[in-house]
Amino acid sequence: MEATKQQSLTAKASKSNQEIFTNQPEVQACLKQLRERFNDANPLVVSDVMDKEKHQYVNLVQKGGGVLGVALVGYTYILEEMGIRFLRLAGTSAGAINTSLMVVVGKKEEAKSKRIIDIMSTLDFFSLVDGHPAARMFIRNFITHKNYANKLKWRLILIFSLLLLLFVSDFVFSGLEHNHPNLAPFTHISFILTGFVLVFVGALGFYLNRLSRRLKNAGFGINPGDYFYDWLKGIFIENGVKTVKDLNDKAEQPIPGMCLRVEHTEGTAGLKSDVKFITSELVTENKVLFPEMCKLFREEDKMDLQPAGFVRASMSIPLFFESYFINNIPVESEAIKKAWKETFSVDTPPTAVRFVDGGLLSNFPINLFYNPSISVPRLPTFGIDLDDTVPEDHKNDTVAWSFLGYFGRMLTTLRGFYDKDFLVQNKVYERGIGAIPLADFNWLNFFLTDEDKKTMFVRGAEAATKFLLDFNWEEYKALQAKMRKEIKKEQKPLTYES
């Protein structure tokens, strides 16, 4: 009886959490607009792949972006409310987090976003910052206080200026003391103050050196990332995902009554579900896809890797979080050697590997589900872009860039190169991408308020609404078919001259 009462209270609390987000006027206005636009006379069509309940299926790629990932839930909520489900899923960093939850919390044909709202709304994001107290304080001040870096710079300048002034006063007073004995007390005070400042600077230097050694020993990460790992592992286990096999079984669930809206030469052949988390491996300097590449690190019958670790590896923001390691790779195994040789042409596999944020190599892996062998697509690939670019750092006038804007450009160039290169060559894929404007949020702000979370959820919902109103499946399908036809024409057989 007591257990039933507790379950009832939990269900009510969950419903309340969901409604806080989904019942916001802006979200309801989005749904109203879509339902008025798309009805029995003018149905929403985004794919030719359907199930027995008439849900439409698409592939979905979610971009990385730190805490901005809350907005992804608002976007997918609108898609699911409009009857859209997801065949294949992929994500990097924050995108990997939402992707993993969408895989584990229910069946393929079910809407997942409401349950994910419960999970994300109750998470204290600052708990993810689980490093040294000094580091936590520095991170909080750096993110929540404007121009904190500038203030810190001026404080350091003040300390060293004071030290220089004291050295000068020591020299002046000690020189004048011979002719003016009454200045002796000032000389003593000056030397004492100099000593105190030197001790402070020495202690500060010792402490910073200790922190730097600690940082090195911790895998060059301020935060261990243990809280996140344990949190996600708990969610996985609650939903029956304890092993790599469990994750694959969830991701590859068959879709009940899968069929096509229109006839296609391929039928439903090859339409299989899966999931991909992107991460960057530093030892061999490669992009790794989990769970697909688990065979590089363990033999199939000895697969003891924890699935939550794949997401932890994908979101390991350099310096902010410690690297994620996989140790004790059985490099003597012929199966392991073969896997490394076939995957990365590596003859001698490493005994341990080290992962950092997948966004270093591919923050928006929109190319993952590209299939050049299919002339006419049966379903589109949708992408959710977290757009946090600041307008003044977007200008072509390089003199106008801020210091952070300059380094931001460098980082964006590096992590977006391969993704942009694919889009340049396959422009039709841009028609499947919706962008959520989040320039006024800091992607590292782990001190989000409930209002911040609700605002980002609304932004995601509004972006999804705009996307669906503009998306034209028949046009997308025709352009992809045309593009692939042109590519085949350009692929001429090689000829050799003697």
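Read on for a plain summary of the structure. Position labels on residues start from 1 in each chain and follow its written sequence. Note on the predicted model: pLDDT of at least 70 is required for a residue's local features to be given, and 80 or more for side-chain atom pairs to be given and counted; whole-chain, interface and lining totals, by contrast, use all residues. Based on all heavy atoms of the structure, the side-chain values leave hydrogens and waters out of the count.

**Concerning the pattern of salt bridges**
So, step 1. Whenever Lys or Arg places a side-chain nitrogen within 4 Å of a carboxyl oxygen from Asp or Glu, that contact is recorded as a salt bridge. Across all of its chains, the model carries 19 salt bridges by this definition.
So, step 2. For D48, the salt bridge is made with K477, and the minimal N-O distance between the two is 2.7 Å. Of the two residues, D48 is situated in the loop between helix 2 (25–37) and strand 1 (49–50) and K477 in helix 16 (residues 473–490); the sequence distance between them amounts to 429 residues. The same class applies to D48 as to K477, namely buried.
So, step 3. Here the residues in one salt-bridge network are D48, R261, E474 and K477, joined through shared partners. Secondary structure counts use DSSP, requiring at least four H or I residues in a row for a helix and at least two E residues in a row for a strand, with both numbered from the N terminus. Working definition: with a 1.4 Å probe on protein chains only, accessible area under 20% of the residue-type maximum means buried, over 50% means exposed, and in between means partly exposed.

**Quick look at the packing of aromatic side chains**
So, step 1. Between the rings of Phe, Tyr and Trp (Trp by its six-membered ring), a pair exists once the centres lie within 6.5 Å; its type follows the angle of the planes, with under 30 degrees stacked, over 60 edge-to-face, and the other angles tilted. All told, the structure shown has 23 aromatic pairs when counted by the stated rule.
So, step 2. Taken together, a centroid distance of 4.6 Å and an interplanar angle of 45° make the contact between F126 and F447 tilted. Of this pair, F126 sits in the loop between helix 5 (113–121) and helix 6 (133–144) while F447 is found in the loop between strand 12 (433–437) and helix 15 (450–470), placing the two residues 321 residues apart along the sequence.
So, step 3. You can call F447 buried: its relative accessible area is 14%.
So, step 4. Site record: aromatic cluster; members linked through ring pairs are Y75, F382, F467, F471, W473 and Y476.

**Structural notes on the nonpolar core**
So, step 1. Membership of the largest hydrophobic core comes to 114 residues, with the highest contact counts inside it found for F290, F297 and L468.
So, step 2. Take this core: its biggest share by element is 9 residues, from helix 15.
So, step 3. The contact criterion used throughout is that any non-hydrogen atoms of two residues lie within 4.5 Å. Setting aside chain neighbours within four positions, we find F290 in contact with V275, K276, F277, T279, F297, F310, A313, I326 and F355. As used in this record, nonpolar core signifies buried Ala, Val, Leu, Ile, Met, Phe, Trp, Tyr and Cys residues forming a set joined through side-chain atoms within 4.5 Å.

**Concerning helix 3 (residues 70–81)**
So, step 1. Each helix should span, by expectation, one fewer than its residue count multiplied by 1.5 Å. With 12 residues, helix 3 should reach 16 Å at 1.5 Å per residue; the first-to-last C-alpha distance of 17 Å fits that figure.
So, step 2. Along helix 3, 11 of the 12 residues are buried, which leaves the element largely enclosed by surrounding structure.
So, step 3. Looking one or two places after helix 3, you find G83, whose phi comes out positive at around 85°.

**Structural notes on the packing of helix 4 (residues 94–104) against helix 9 (residues 226–238)**
So, step 1. Note on method: axes are straight lines fitted to C-alpha atoms, helices fitted across the in-contact stretch only, with angles between N-to-C directions ranging 0 to 180 degrees. Packing of helix 4 against helix 9 brings their axes to within 10 Å, and their N-to-C directions diverge by 20°. On the basis of their axis angle, the class for helix 4 and helix 9 is roughly parallel. Judged by the twist between their axes, the crossing of helix 4 over helix 9 is right-handed. Residue-level inspection shows I97, S100, L101 and V104 of helix 4 in contact with helix 9, the latter providing F228, L232, I235 and F236.
So, step 2. Each residue is assigned to one of three groups, with Ala, Val, Leu, Ile, Met, Phe, Trp, Tyr, Cys and Pro labelled nonpolar, Asp, Glu, Lys and Arg labelled charged, and all others, Gly among them, labelled polar. Here the contact of helix 4 with helix 9 is composed, by residue class, of 7 nonpolar, 1 polar and no charged. Should an angle lie under 35 degrees it is considered roughly parallel, over 145 roughly antiparallel, and from 65 to 115 roughly perpendicular; all remaining angles are considered oblique. Whether a crossing is left-handed or right-handed is set by the direction in which the near helix is turned from the far one by less than a right angle, anticlockwise for left-handed and clockwise for right-handed.

**Points about the pairing of strand 7 (residues 286–290)**
So, step 1. Burial within strand 7 is extensive, with 4 of its 5 residues counted as buried.
So, step 2. One ladder, built from 5 bridges, connects strand 6 (residues 274–281) with strand 7; its direction is antiparallel. The partner of T279 across the bridge, within strand 7, is V288. We call two strands paired when DSSP finds no fewer than two bridges between them.

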